[in-house]
Structure formats: structure tokens, C-alpha cells
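A closer look at the structure
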Amino acid sequence: MYNAKKSKKKFKEMNNILITGGAGFIGSHLIRHFIKHYPDYKIINLDKLTYAGNLENLRDIENAKNYHFVKGDICDFNFVKELMELHQINSIIHLAAESHVDRSISNPMEFVNTNVVGTVNLLNVAKAYWSEDYDNKLFYLVSTDEVYGSLGETGLFTETTPYDPRSPYSASKASADHFVRAYQHTYDMPVKLSNCSNNYGSYQFPEKLLPLFINNIKHNKNLPVYGNGKYTRDWLWVVDHARAIDAVYHKGKMGETYNIGGFNEWQNIDLIHLLIEQMDTKLGRPEGTSKELITYVKDRPGHDKRYAIDANKIKNELGWQPSVTFEEGLDKTIDWYLKNEDWLNNVTSGNYQTYYQKQYTKQ
Ligand code: NAD
Ligand code: DAU
């Protein structure tokens, strides 16, 4: 397994890291991981705090000495450049994005602005700030398996699968990936990319399948299953994604792409049945009670049939693999949402958006 401690020395100098989108779901887990494992690194979290950004996700580490939050937009060249100069940033791990497929269908332009324009803007800032010297520099883009399109019944996405994005979200992410590679080829920028499958875990905004359904089961609300429910996703515990990003950041080859996945495919409807089984037990309801909540609804337009990742490159070359089984990860995840009622209530009521005011207006 990847040993974070061993690699510390190798990257001692690359220690002022700008993480974008750190108040979101995956970003907050990544920051928590880096703060814990790399106390010598300075972590700057740049986040615009859109509806998906929630500083309550980072409450447990917000006072850490090596952590600093800055509210700002990745599309603002001067602001980001000043930030990079101020903190002498030598690497960027870029996660900030609009991330929900359904929102991309109703409002594609937001996705173009943040995911494409924002990424190119960040690349331009990095180029302007680093161009004199790319030694010990890194631009790392965290991307998605959705860029590869949709699989049939068989086969897996590998790092050489041709791009075939099919939703506005995946098209915007694919575009960002292409720009990052273009900056490497054209300007010699040191880059790395990873493309990951569906993440699940704590602090995920309850618009995505698992937290939405956990919340709905808890409140006896309908579970809106798109289409016939026979769509397949490959699920990975978010903490394991953070570990994988760490491995790529420290040990991945410059200029390369790593696919990250859970070796864990589930059809939506089977996953929903497993969730119901675990939740009915935890909530003390007779087995299968919550099955009544399943409601088949209109399908997502252009719904991708199947995603599945071949994660053997990162496994074989970097020694990473998932640390938990899906059943364990799901169990921990359900427990977290049931225990953290306040977090869920604040998110569903919108109260979390006042946290920034309370916490940061005193600065
Ligand atoms: P998220 O929606 O939970 O978080 C996105 C964060 O980006 C939010 O905190 C938001 O405030 C911030 N942000 C948005 N626009 C911004 C801007 N213009 N400037 C600064 N900050 C901005 O997303 P997530 O699920 O944590 O995903 C993070 C990244 O990982 C995304 O790039 C996504 O495409 C990718 N990804 C996600 C998954 C998944 O299953 N969730 C899987 C693979 C890859
Ligand atoms: O594969 C990686 C991607 O996974 C990430 O890049 C995206 O940011 C992330 O949102 C996720 O995309 P999906 O579209 O796969 O995730 P979502 O949770 O929206 O949906 C998972 C599956 O469940 C999908 O087949 C659609 C279905 N679904 C979703 C919702 C929200 C439903 O049936 N009902 C629902 O209400």
C-alpha cells in the first residue's frame, strides 16, 4: 500500500499547495488528508463557495497551522495570481468545478465558465507565475471517468480509451483535460491528471444519488429512480480517492494520467436495494419497509449506461488500492449521515451558507 510518510522527503520542497474547490465534497476530504499526513506542507484552499461549497465540511481542521482558506473565483486571473505570489505556490491540485450532471443539462453555460474557462485561467496564471522556472512545479487536474463516455455490457475504461463525453458536464471536463495536456505539450508545463469513478462518503451534497437517497429514506420520502434503474456505476469511497490523489501527486509520473476506481460496479437498482437493507436495519424498521419508497421517474436525458474503471495502472505502478470494501464504506457513510443530522439539516435548509459570514467576517 502507498506509504505517505516515505514520500514526504522526496517532495519536501514542493510544499505550498493550492487546492481549488477544497470546500466541496472531495476537496474537503483531500485537504483533511494532506493536513493530517503532511504537517510541513502549507495548504491553501481556494473556493468560491458556490451552493456546493460548504466550510462546515472542514470545521475539524479549519484552525490547523498549515491550512488557510481563501474565498475566490478560479476565473479571476489577477486575484489568483496575487494569491499564488503571496503564498509562493509551487503546485496546484485543481478540483473546483460544477460537478452535477443534472445541473449541467439545465444550465450548461455555468459548466463552460467554471470547468473550461476557469481551468484555462488557472493554467494561464500558473504559466505566468512559474514560466521562469518549472522545477518542482506541478499542475494536477482531478477529473472524471465520464470523459470516456458510456460502456456497453462489457469492457472497462483504461487510460487510453478515446474520449467520448456525452453530457454538458462531461464535455466540459473533457475540454479541461485537453487544455491541461495542451499546456504540457505547448508550454512544457509539468502536469498530471487522474480520472475517477463515482465517489461516495461523508460531506457529499445531497443532490447526488447516495446522500439524497439516505436522506429520503430517513424521512420516508420517495426515492426517484431514473429510467429503469439499470444503469451501472463504479463506486469508490471518497477517502480512498484522496489517498489515490496523494499517490499520484507524490509518485505519479509527470505528464501521465491515472484512472482511479473502486473495482466495484453496481447497477443503481441493486445499490438502492442494498442501501435500503442497511438503512432499514439501522433505523429499526422491519426488513424491506423502505422498498415502498422506490419511485421510477423520467430518465435523465442522455443518461450514460455504464461506467467502469480499469484501475490497474495506479494499483500496479503506484501501489494504491481501495482500503475498504463497498459494504464497509457504505456502512460508515450511512452512519455518518445519520449521526450528523445538523450537517444534513443545514445543507437541506440552506443554513450552511451563513457559516462563512459567521466564521470569516471577523478577519
Ligand atoms: P463539489 O460540487 O462537491 O465541489 C466543487 C467545489 O468547487 C465547491 O466547493 C465549489 O464551491 C467550488 N467551486 C465551484 N466553482 C468555483 C469557482 N469558479 N472558483 C472556485 N471554486 C469553485 O464537487 P466534488 O464532487 O467534490 O468534485 C470535485 C472534483 O472532482 C470535480 O472537478 C469533479 O469533476 C471531480 N470528480 C468528482 C467525482 C464525484 O464522484 N463526485 C468523481 C470524479 C471526479
Ligand atoms: O463518474 C464520476 C461522476 O460521478 C462524477 O464526475 C460526477 O461529478 C458525479 O456527480 C457522478 O456522476 P453521476 O451522474 O454518475 O452521479 P449521480 O449521483 O448524479 O447519479 C448516479 C446514478 O444514479 C446515475 O445513473 C443517475 C442515477 N440517479 C441519480 C439521482 C440524483 C437516479 O436514478 N436518481 C437520482 O435522483
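About the cut-offs
- Residues numbered from 1 in each chain as written.
- Chains lettered and ligands numbered in written order.
- Predicted model: local features only at pLDDT ≥ 70, side-chain atom pairs only at ≥ 80, totals over all residues.
- Heavy atoms only, no water.
- Helix = DSSP H or I, 4+ residues; strand = E, 2+ residues; numbered from the N terminus.
- Rg over C-alpha atoms; globule rule 2.2 N^0.38 Å.
- Contact = heavy atoms within 4.5 Å.
- Areas by Shrake-Rupley, 256 points an atom, 1.4 Å probe, with all protein chains shown as cover.
- Lys, Arg positive; Asp, Glu negative; His and termini not counted.
- Charge placed at Lys NZ, Arg CZ, Asp CG, Glu CD.
- Near = heavy atom within 4 Å.
- Polar contact = N/O pair within 3.5 Å; in protein donor to acceptor, adjacent residues only side chain to side chain.
- Nonpolar A, V, L, I, M, F, W, Y, C, P; charged D, E, K, R; others polar.
- 1 Å grid on protein atoms, 1.4 Å probe; cavity = no way out; pocket = protein on both sides within 12 Å on 5 of 7 lines; lining within 4 Å.
- Points joined across faces, edges and corners; volume = space filled by probe spheres on them.
- Buried < 20%, exposed > 50% of the residue type's maximum accessible area, 1.4 Å probe, protein only.

Comments concerning the overall build of the protein
- In terms of helices and strands, the protein carries 13 helices and 12 strands.
- A compact globule built from 363 residues should have a C-alpha radius of gyration of about 21 Å, and the protein, at 20 Å, falls within 12% of that.
- The contacts of the protein with a sequence gap of at least 6 include a subset with a gap of at least 24, amounting to 83%.
- Accessible surface computed for the protein: about 15,700 Å², of which carbon and sulfur atoms make up 48%.
- One finds the centroid of the 42 positive side-chain charges in the protein at a distance of 4 Å from the centroid of its 44 negative side-chain charges.

Some thoughts on the site of ligand 2
- In the region of ligand 2, 24 residues are neighbours, and Thr144, Asp145, Tyr169, Arg300 and His303 sit closest.
- Between an oxygen atom of ligand 2 and a main-chain N or O atom of Tyr226, the distance comes to 2.9 Å.
- A distance of 2.8 Å is found between an oxygen atom of ligand 2 and a side-chain nitrogen or oxygen belonging to Arg233.
- Elements supplying a minimum of two residues to the shell around ligand 2: helix H7 (209–218) and strand E8 (223–226).
- Each residue belonging to the shell around ligand 2 can be placed in one class, and the counts come to 11 nonpolar, 7 polar and 6 charged.

Regarding empty space enclosed by the protein
- Evaluated as defined, the whole model comprises 1 cavity of 30 Å³ or more.
- What the largest cavity holds in volume is close to 60 Å³.
- What lines the largest cavity is simply Val101, Ile105, Glu146, Ser167, Arg233, Arg300, Pro301, Gly302, His303, Asp304 and Tyr307.
- Partitioned by chemical class, the residues of the lining of the largest cavity number 4 nonpolar, 3 polar and 4 charged.

Some points on unusual backbone geometry
- Positioned with a positive phi, Leu49 is a non-glycine residue whose angle comes to about 55 degrees.
- For Leu49, the location among the structural elements is in the loop between strand E2 (42–47) and strand E3 (67–71).
- Given the relative accessible area of 18%, Leu49 is considered buried.
- With phi around 45 degrees, Gln88 is a residue other than glycine that occupies positive phi space.
- Position of Gln88 among the secondary structure elements: in the loop between helix H3 (77–87) and strand E4 (91–94).

By themselves, these figures tell us nothing about what the structure is for.
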